[in-house]
Amino acid sequence: MKLVVTPSHPLVGQTSLPGDKSLSHRAAILAALAEGESRVENFLVGGVTRPLLNALTSLGVAWALHRDTLMISGAGLRGFQTPAAALDCGNSATTMRLLAGALAAGGISATLDGSPGLRRRPMRRIITPLRAMGVQITASPQDTAPLHLTARPAGQWYKALEYTLPVASAQVKSCLLLAALAADGPSILGEPVASRDHTERMLRSMGVSVETLASPLSPERLLKTGSPQDPIEPPKLQNYIRITPPASRRLQPLNLCLPGDISSAAFLIVAALITPGSEIALQEVLLNPTRSGLLDVLLEMGADLSIRVTEERHGEPVGNILARYSRLHGVEVDGCVAVRMIDEFPILAVAAAYATGKTVVRGAGELRYKESDRIAALCQELRALGVEALETVDGFIIHGKGYVPGGEVQSHADHRLAMALAVAGLASRQRVVVHQAQWIDESFPAFVPTLQSLGASVRQEA
Ligand code: S3P
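Along each chain, residue indices are assigned from 1 in the same order as the chain's sequence is written. Confidence filtering applies because this is a predicted model: local features only for residues at pLDDT of at least 70, side-chain atom pairs given and counted only at 80 or more, and all residues used for totals across whole chains, interfaces and linings. Heavy atoms throughout the structure, all of them, feed into the side-chain values; hydrogens and water do not.

### As for the packing of helix 5 (residues 124-133) against helix 6 (residues 170-179)
- Lines fitted to the C-alpha atoms define the axes, with helices restricted to the stretch that makes contact. Angles between their N-to-C directions range from 0 to 180 degrees. Runs of H or I in DSSP of at least four residues are treated as helices and runs of E of at least two as strands, each being numbered from the N terminus. Across the interface, helix 5 lies against helix 6 with an axial gap of 10 Å and an inter-helix angle of 20 degrees. In terms of orientation, helix 5 lies roughly parallel with respect to helix 6. For helix 5 against helix 6, the interelement crossing comes out right-handed. Here helix 5 contributes Arg125, Ile126, Pro129, Leu130 and Met133 to the contact with helix 6, which in turn contributes Val172, Cys175, Leu176 and Ala179.
- Note that Gly is not counted as nonpolar here; it falls among the polar residues with everything else outside the nonpolar set of Ala, Val, Leu, Ile, Met, Phe, Trp, Tyr, Cys and Pro and the charged set of Asp, Glu, Lys and Arg. Broken down by class, the residue content of the contact of helix 5 with helix 6 amounts to eight nonpolar, no polar and one charged. Roughly parallel here means an angle under 35 degrees, roughly antiparallel means over 145, roughly perpendicular means 65 to 115, and every remaining angle is called oblique. In this scheme, a crossing is called left-handed if the near helix is turned counterclockwise away from the far one by less than a right angle; it is called right-handed if the turn is clockwise. For this analysis, residues touch if any pair of their heavy atoms sits within 4.5 Å.

### Here we look at the pairing of strand 13 (residues 239-244)
- Buried residues are those whose accessible area, probed at 1.4 Å on protein chains only, stays under 20% of the maximum for their type, while exposed residues exceed 50% and partly exposed ones sit between those limits. Taken across its six residues, strand 13 has five buried, putting it largely inside the fold.
- Two strands qualify as a pair provided that DSSP identifies no fewer than 2 bridges between them. Sheet topology note: the strand 11 (residues 187-191)/strand 13 ladder contains five bridges and is antiparallel. By the bridge assignment, Leu189 is partnered in strand 13 with Ile241.

### Focus: the side chain of Asp261
- Here Asp261 shows up in the loop between strand 14 (255-257) and helix 8 (262-274).
- Here a polar contact is taken to be a pair of N or O atoms separated by no more than 3.5 Å, where protein atoms must pair a possible hydrogen donor with a possible acceptor and residues adjacent in sequence count only if both atoms sit in side chains. Within the local environment of Asp261, its side chain forms a polar contact with the backbone nitrogen of Ser263, the two atoms lying 2.8 Å apart.

### Here we look at the confidence of the model for the protein
- Averaged over all residues, the pLDDT of the protein equals 94, while 95% of them reach at least 70.
- Confidence of the predictor at the level of single residues is given by pLDDT, which spans 0 to 100. When the criterion is pLDDT under 50, residues 230-236 qualifies, and its contacts beyond four places in sequence or with other chains add up to 14 contacts.

### Points about the layout of surface pockets
- Cavity means a closed set of points on a 1 Å grid over the protein atoms alone, one where a 1.4 Å probe fits but cannot get out, pocket means an open set with protein on both sides within 12 Å along at least 5 of 7 lines, and lining means a residue has an atom within 4 Å of a point. Grid points are joined across faces, edges and corners, and a volume is the space filled by probe spheres set on the points. As a volume, the largest pocket reaches approximately 700 Å³.
- Along the walls of the largest pocket sit 44 residues, with Ala168, Ser169, Ile342, Glu366 and Lys370 positioned nearest its centre.
- Secondary-structure elements contributing two or more residues to the lining of the largest pocket are helix 1 (21-33), helix 3 (93-106), helix 6, helix 10 (335-338) and helix 13 (415-424).
- Broken down by class, the residue content of the lining of the largest pocket amounts to 16 nonpolar, eleven polar and 17 charged.
- Here the second largest pocket is characterised by a volume of approximately 260 Å³.
- The wall of the second largest pocket is formed by 16 residues, among which Tyr325, Arg327, Tyr354, Gly402 and Tyr403 lie closest to the centre.

Here's what the structure looks like:
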């Protein structure tokens, strides 16, 4: 499927968004580990969550989906069944890394596998610390999927972990927090920069003690590892977390209504900022500060944004965003904010192309390990649209001219790249055609109808 985007009239109106992808993953997995019935409204029903739900079925977890409301009968921490075949995680590293932690907690034997793209994603970052806890896990010779976990001997728990993550990664942190539910005492995790903290917040709401520490209890004992797959980045804004498994080993079920995905909202916000005359309102968006780095950067670029937190929902800040067409200027983005907007670089690059002046992104080397090598693929495709985009080792430089000429581009099997490139066509001189755009279904199945409802000229072609 391809998307054909032609320069649009102003985007005007208001819309809500699909449930947050990260929260959807966590809600489904934690509800499966809980005891009792969980209810999750505004669950993201998309390409990334279908394999996850199928995996839960293979683990003997009963669930039902009524539109976007997910009901799950939790199996409890020790209630997973051994699956008959490998669990297919599709194209989602979040599914694979979080499930690895959940399976370790469940103590069963299972294999996790996925698409050729997922088989290329680095898994040593979870394998090393899981093994340090005593989890028996094997992988390919390159420490990539398929991953195989061997059951924990009956009546045993894992060793509590004290570990500093070599790279800030919420997927790795969440994997370890889940595995730590089956540890023989409190575990302490350090991360070089605070990454998204949804797992911590959700676990707390389920009765688990998860504390944020000013400093680790025993810094000299925190195990550090580095490898070509996971180079150690200089620590900044360190964050330390202590998780204590509940004495009962029981998690309370969830009753949630998930806020809209700020990473999906990002495409609509930039669409409005670059399309003359636009004004759009987005409602009930997740505004967790560990996710809202793009909003800070856009404000610094001169964006006309009004952001208002209206409520705290299940421990997460939620609110409304008003975005109006703006004249943007270039900006410098460094590694500290990069973690808080790690999924938003493709769309930031589009905003930077429509801005005037130079935008420099540094300290974002993790982008090379996403659904595509997001530094190389992004720069290549922006150049195909006539944008001056330069790849660097850990980021990129865009020389914004205030407009984008247009052209034909590829998605590189990357949903966020596809959506960002489509948005670039809303104000381009000539049309933009995005090939292989079906990947958008992974995280924002209603992307095209949502844009159309706001007045965008975008259509799907076979
Ligand atoms: C996610 C964490 C991020 C992000 C991904 C979702 C999560 O990945 O890119 O889309 O839900 O924890 P990393 O943990 O690899 O940075």
